[in-house]
Amino acid sequence: MANGVLLEARDLKKSFGALKVLHEVSFSVSAGEVLGIVGPNGAGKTTLFNLISGDMRVDGGDLVFDGQQLVGQPPHRRCKLGIGRTYQIPRPYVGMTAFENLLVAAFFGSGAKDADSYRRCARILADCELSDKANRSAGSLTLLDRKRLELARALASCPKLLLLDEIAGGLTDEEGKALVSLIRRIRDGGVTIVWIEHVLHALLAVADRMIVLNFGEKIAEGVPAEVIKSSQVRRVYMGVEA
Ligand SMILES: Nc1ncnc2c1ncn2[C@@H]1O[C@H](COP(=O)(O)OP(=O)(O)OP(=O)(O)O)[C@@H](O)[C@H]1O
């Protein structure tokens, strides 16, 4: 992997009709890091994930993952290459149990259908505090547990790059701390993470680097503690005048 860069995004553009949502956004993600993405509502953060995962087509620009060109590749191919993601609104197979949801992701992502896959899924369920709900139908889970399942399913697909879209909202302090420690463990296990999050203190506890989007443009990038001190970031994102 050249220069330890796992994902390189160059000049990404996306519009919906006349609405320009991303204007030539460029960034890279190094293998092993946690990159945070913040920005006001509607800044284009989720759209960026949709372009990376292939849920939406780019209008322009380039995306290279692990040395492979992503543009033009369908979402399922990107998943097999090692890109896992969560959605803000969880999307489990509601008629299947929590454990079955993980097995589908594991079989699809890694292609393996062996005892190791079962054990791995059981371990991921435990990590995501869902062991006691393994045999419950996903449709019967609370929103919090659906969010946990969303993360568990993404992990089960064996991602090299995990895209997390606002998974900390609505958690208690204790649950937030548990989530941060889980994300650290995932990172320490060798998974590179890009995390969109409005719960800033959770993101700051784990992100190595941060980028800030505003109206589809990258307005800041760097070490989180420095980025959040920027007067422009404080003004557009936190509503604080410098
Ligand atoms: N499929 C779509 N069709 C039309 N407009 C869209 C579509 N998806 C997103 N948008 C618009 O694009 C803009 C960026 O949306 P996006 O969801 O990427 O923002 P975001 O930064 O993730 O916001 P939030 O923090 O609220 O999740 C918004 O104005 C949104 O209404």
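Description of the structure in this document. (Residues numbered from 1 in each chain as written. Predicted model: local features only at pLDDT ≥ 70, side-chain atom pairs only at ≥ 80, totals over all residues. Heavy atoms only, no water.)

Taken together, the neighbourhood of the ligand is formed by 15 residues, with Asn41, Gly42, Lys45, Thr46 and Thr47 sitting nearest. Note that an oxygen atom of the ligand is positioned 2.9 Å from one of the side-chain N or O atoms of Asn41. Within the backbone of Ala43, a nitrogen or oxygen atom sits 3.0 Å from an oxygen atom of the ligand. Considering the ligand on its own, with 640 Å² of exposed area, one finds that the protein chains cover 62% of that surface. (Near = heavy atom within 4 Å. Polar contact = N/O pair within 3.5 Å; in protein donor to acceptor, adjacent residues only side chain to side chain. Areas by Shrake-Rupley, 256 points an atom, 1.4 Å probe, with all protein chains shown as cover.)

Here the focus is the sheet that holds strand S3 (residues 34-38). Spatial strand order, S6-S7-S8-S3-S9-S10: six strands in an open sheet with mixed pairing. Of all the strands in the sheet, the pair left with one neighbour each is strand S6 (83-85) and strand S10 (217-222). Geometrically, the sheet is characterised by an average inter-axis angle of 20 degrees between neighbouring strands, direction not taken into account. With five bridges joining them, strand S7 (residues 161-165) and strand S8 (residues 192-196) adopt parallel strand pairing. Considered in S8, the bridge of Leu161 is made with Thr192. On top of the sheet, helix H6 (residues 173-188) reaches S3, S7 and S8; it is set at about 150 degrees to S8, its chief contact. (Pairing = 2+ DSSP bridges. Helix = DSSP H or I, 4+ residues; strand = E, 2+ residues; numbered from the N terminus. Axes fitted to C-alpha atoms, helices over the stretch in contact; angles between N-to-C directions. Contact = heavy atoms within 4.5 Å.)

Right, let's talk about the packing of helix H3 (residues 98-110) against helix H5 (residues 143-156) for a bit. Where H3 contacts H5, the axes come no closer than 7 Å and their chain directions differ by 30 degrees. With respect to H5, the axis of H3 lies roughly parallel. Our pair here, H3 against H5, has a crossing hand that is right-handed. Every residue of H5 that contacts H3 at Ala98, Asn101, Leu102, Ala105 and Ala106 is listed here: Leu149, Ala152, Arg153 and Ala156. Its residues assigned to classes, the contact of H3 with H5 comprises seven nonpolar, one polar and one charged. (Parallel < 35°, antiparallel > 145°, perpendicular 65-115°, else oblique. Left-handed = near helix turned anticlockwise from the far one by under 90°. Nonpolar A, V, L, I, M, F, W, Y, C, P; charged D, E, K, R; others polar.)

In this structure, strand S1 (residues 5-16) lies alongside strand S4 (residues 60-65), joined through five bridges in antiparallel fashion. Looking across to S4, one finds that Leu7 is bridged to Phe65. Direction of pairing for S4 relative to strand S5 (residues 68-69): antiparallel, over a ladder of two bridges. Note that in S5 the partner of Val64 across the bridge is Gln69. The hairpin formed by S4 and S5 contains two residues between the paired strands, and Asp66 there has a positive phi angle of roughly 50 degrees.

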